[in-house]
Structures are given as structure tokens and as C-alpha cells.
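The primary structure of each chain is shown beneath.
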Amino acid sequence: TRRPAQHMQATLTGKRKLGIGKCWGQEIGIGSSACTLTEPNSAAFRQRFCGHCLKHGVAVPASRVLVVLDPALSPANHHGSGVWNEPRPGATSWPAHRIVNQTSGCLGPKLVVLREERGPMDPELPGLVGIPCAPGGIVIFRVARTLQPAQLPALARPWPNAAAPVAAPTAPTLPLADAE
């Protein structure tokens, strides 16, 4: 099934126009009643988010955010028309996910946001580790050319090896509204 944000409409000039659709912040994050439908002016990542998410950020349960320890094992985002990189037949068994904090200028490690919680019986994803925080922790992401962590939950234990961010903030350290 196709979601409204995932289809494109033809215009009279022959160019394709992105349709009105659900805010990606509502799909990626916990969801907010303040999210509104978006009508992107371009295919740019930040155009997929409503004004509320651009201003206040996107809240994601820390249990769905994984730190990439080995970039060689991390896939890239597919340049499709949807929020999630869906599992592909014949590929490694990655669940639906989005790679974030991966563009030049990002601080800290590349991160993977999973669409759904992983259960204790799910196979491990090689090269990834969860954020070492207490249960119920929330990561606040700001929207820029990618999602960038603006606020991390309090850490219950130290970061594993050298994948630690430059600092593990407990309060926002980056402005949520991007000036780009």
C-alpha cells in the first residue's frame, strides 16, 4: 500500500510534484498531535516534516535508536519515496529502518532508527549497539539534512568503545530550528 507522502503527481508541465502527506516526524517518532500534513516544495529531507517538528524536534524512544560501531556493516538509506528502508529480498535481514546523523557536519556516530521495537528473540544486528540508557529513555532529534541528536537520555552506563559521541548531552546542545 502506498502512503500519501510516497506518491508523486504529474503536473501540466510534465514535472512530477510531491503529493501532500503525513509528516515524517509522526512516522519516525512517538507521534505528536501537533503534527500536520506536509506538502513538500522539493525532495529535500527536511521538506517531509511539518513546522512543529522542524521547530521542536522529533522524539524517538531510545530503545529504537542504535549506534553504528562498524560503518562497513551499516547500509545506506535508499533514495525511495518513503520514510523507511524496507527489508529487501535476498539482502541481510535488516528490519525497516532509517540511517540518521550520517551526513557531513554531523557530530558523533552514525545512528540507525528502527521502525519497531526489537524483541529479545530477534537476531542481533551486526555492528550495532543500543544507546546505554535506562528503559523509557527518549532521544530528541533536530531536523536538518538528516536527523541529528539534539538531546540524549541520561546514560545508565558508559558508551561502548570509541563510538561515543563527542559529548553525551543531557540537555539540548543544538538548536532545533535549523538555519540552513
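Scroll up to find the structure.
These notes cover the structure that comes with them.

About the thresholds
- Residues numbered from 1 in each chain as written.
- Predicted model: local features only at pLDDT ≥ 70, side-chain atom pairs only at ≥ 80, totals over all residues.
- Heavy atoms only, no water.
- Core = buried A, V, L, I, M, F, W, Y, C linked by side-chain atoms within 4.5 Å.
- Buried < 20%, exposed > 50% of the residue type's maximum accessible area, 1.4 Å probe, protein only.
- Helix = DSSP H or I, 4+ residues; strand = E, 2+ residues; numbered from the N terminus.
- Polar contact = N/O pair within 3.5 Å; in protein donor to acceptor, adjacent residues only side chain to side chain.
- Contact = heavy atoms within 4.5 Å.
- Pairing = 2+ DSSP bridges.
- Axes fitted to C-alpha atoms, helices over the stretch in contact; angles between N-to-C directions.

Within the largest apolar cluster, 27 residues are counted, with the highest numbers of intra-cluster contacts made by Ile28, Phe49, Val65, Val113, Phe141 and Leu147. Listing elements by their share of this core, those giving two or more residues are helix H1 (24-28), helix H2 (51-56), strand S3 (58-61), strand S4 (65-68), strand S6 (111-114) and strand S8 (138-143). Counting residues per element, this core draws most heavily on S8, at 3 residues. Membership of the second largest hydrophobic core comes to 8 residues, among which are Val68, Ile99, Leu125 and Leu128.

Considering the arrangement of structural elements, one finds Asn85 in the loop between S4 and strand S5 (97-100). Polar side-chain contacts of Asn85 include one of 2.7 Å to the side chain of Asn77. Ignoring sequence-local partners within four residues, the contact set of Asn85 consists of Ala76, Asn77, His78, Pro95, Ala96, His97, Arg98 and Ile99.

Strands sit in the order S3-S8-S9 across an open sheet of 3 strands; the sheet is antiparallel. Of all the strands in the sheet, just S3 and strand S9 (147-151) have a single pairing partner and so form its edges. On average, each strand axis in the sheet is tilted by 45° relative to the strand beside it, whichever way the strands run. Direction of pairing for S8 relative to S9: antiparallel, over a ladder of 4 bridges. Looking at S9, one finds that Arg142 is bridged to Gln148.

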